[in-house]
Amino acid sequence: MVWKLDKSRPVCPQITEQLCVLISSGAFQPNEKLMSVREVAVAAGVNPNTVQKAFEQLEAKGLTYSLRGSGWYVGENAEAAREETEKLLYAKAKLFFEDMRALGFSDDAIKAYTKEWEE
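This report concerns the structure included in the present document.

What counts as what
- Residues numbered from 1 in each chain as written.
- Predicted model: local features only at pLDDT ≥ 70, side-chain atom pairs only at ≥ 80, totals over all residues.
- Heavy atoms only, no water.
- Helix = DSSP H or I, 4+ residues; strand = E, 2+ residues; numbered from the N terminus.
- Buried < 20%, exposed > 50% of the residue type's maximum accessible area, 1.4 Å probe, protein only.
- Axes fitted to C-alpha atoms, helices over the stretch in contact; angles between N-to-C directions.
- Parallel < 35°, antiparallel > 145°, perpendicular 65-115°, else oblique.
- Left-handed = near helix turned anticlockwise from the far one by under 90°.
- Contact = heavy atoms within 4.5 Å.
- Nonpolar A, V, L, I, M, F, W, Y, C, P; charged D, E, K, R; others polar.
- Core = buried A, V, L, I, M, F, W, Y, C linked by side-chain atoms within 4.5 Å.
- Expected span 1.5 Å × (residues − 1).
- Polar contact = N/O pair within 3.5 Å; in protein donor to acceptor, adjacent residues only side chain to side chain.

## Describing unusual backbone geometry
Phi is mostly negative for residues that are not glycine, and the peptide bonds are mostly trans.
And then number 1: Unusually for a residue other than glycine, Asn31 sits at a positive phi of about 70 degrees.
And then number 2: Mapped onto the secondary structure, Asn31 falls in the loop between α1 (11-25) and α2 (37-44).
And then number 3: Among the residues examined, Asn31 registers a relative accessible area of 35% and is labelled partly exposed.

## Quick look at the packing of α1 against helix α3 (residues 48-60)
And then number 1: With their axes 9 Å apart at the nearest point, α1 and α3 run at an angle of 50 degrees to one another. The pairing of α1 with α3 is recorded here as oblique in orientation. Crossing of α1 against α3: the hand is right-handed. Of α3, the residues touching α1 (which contributes Val11, Cys12, Ile15, Thr16, Leu19 and Cys20) are Thr50, Val51, Lys53, Ala54, Phe55, Gln57 and Leu58.
And then number 2: Tallied by class, residues from the contact of α1 with α3 come to nine nonpolar, three polar and one charged.

## What about the nonpolar core?
And then number 1: Within the largest apolar cluster, 23 residues are counted, with the highest numbers of intra-cluster contacts made by Ile15, Val51, Phe55 and Leu63.
And then number 2: Examining the composition of this core, we find that six residues originate from one element, α1, more than from any other.

## Some details on helix α4 (residues 78-102)
And then number 1: For α4, with 25 residues, the first-to-last C-alpha span of 36 Å sits near the 36 Å given by 1.5 Å per residue.
And then number 2: Turning to α4, its buried residues are Ala80, Ala81, Glu84, Thr85 and Leu88.
And then number 3: Contacts made by the buried residues of α4 are with α1.
And then number 4: In this structure Asn77 caps α4, since a side-chain oxygen of it lies 3.2 Å from the backbone nitrogen of Glu79.

Everything listed here is a matter of coordinates, which is why it stays silent on function.
Pasting the structure below:
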C-alpha cells in the first residue's frame, strides 16, 4: 500500500482518512485483519504511536476493533464507514469551494473548472 501524506498537514488524520476510505470502498472486508501498527508506520514513514492513535480514532467511530495480542480488524458496520467517507468528501469539497471563493472565483468559474478537470 502506498501512503500519500501531505507534509503540511498533521499525519494522524491523514492516515485515519485513508484507512476510512479503504474500509468504505471494500478494499478491506468486515472482520479482516488490518496491517500491523508497525507495518503501517514503516510503510508510511511515521511514528508507530501516530498509527496507533489513527487506529484508535477509527475504533471510536466503530470502524475498527482490536483483539489483544492479535492486532486490528475491520469493524462489521460497513454503513458507518460509508457515512464517515461521505462526511470526509463533503468536508474536503466544502473547503475547496470556500478556498476558491476566497480567491475571488465565481461559482460559475469554479463549476466550469471542475467540469473541465473531470474530463
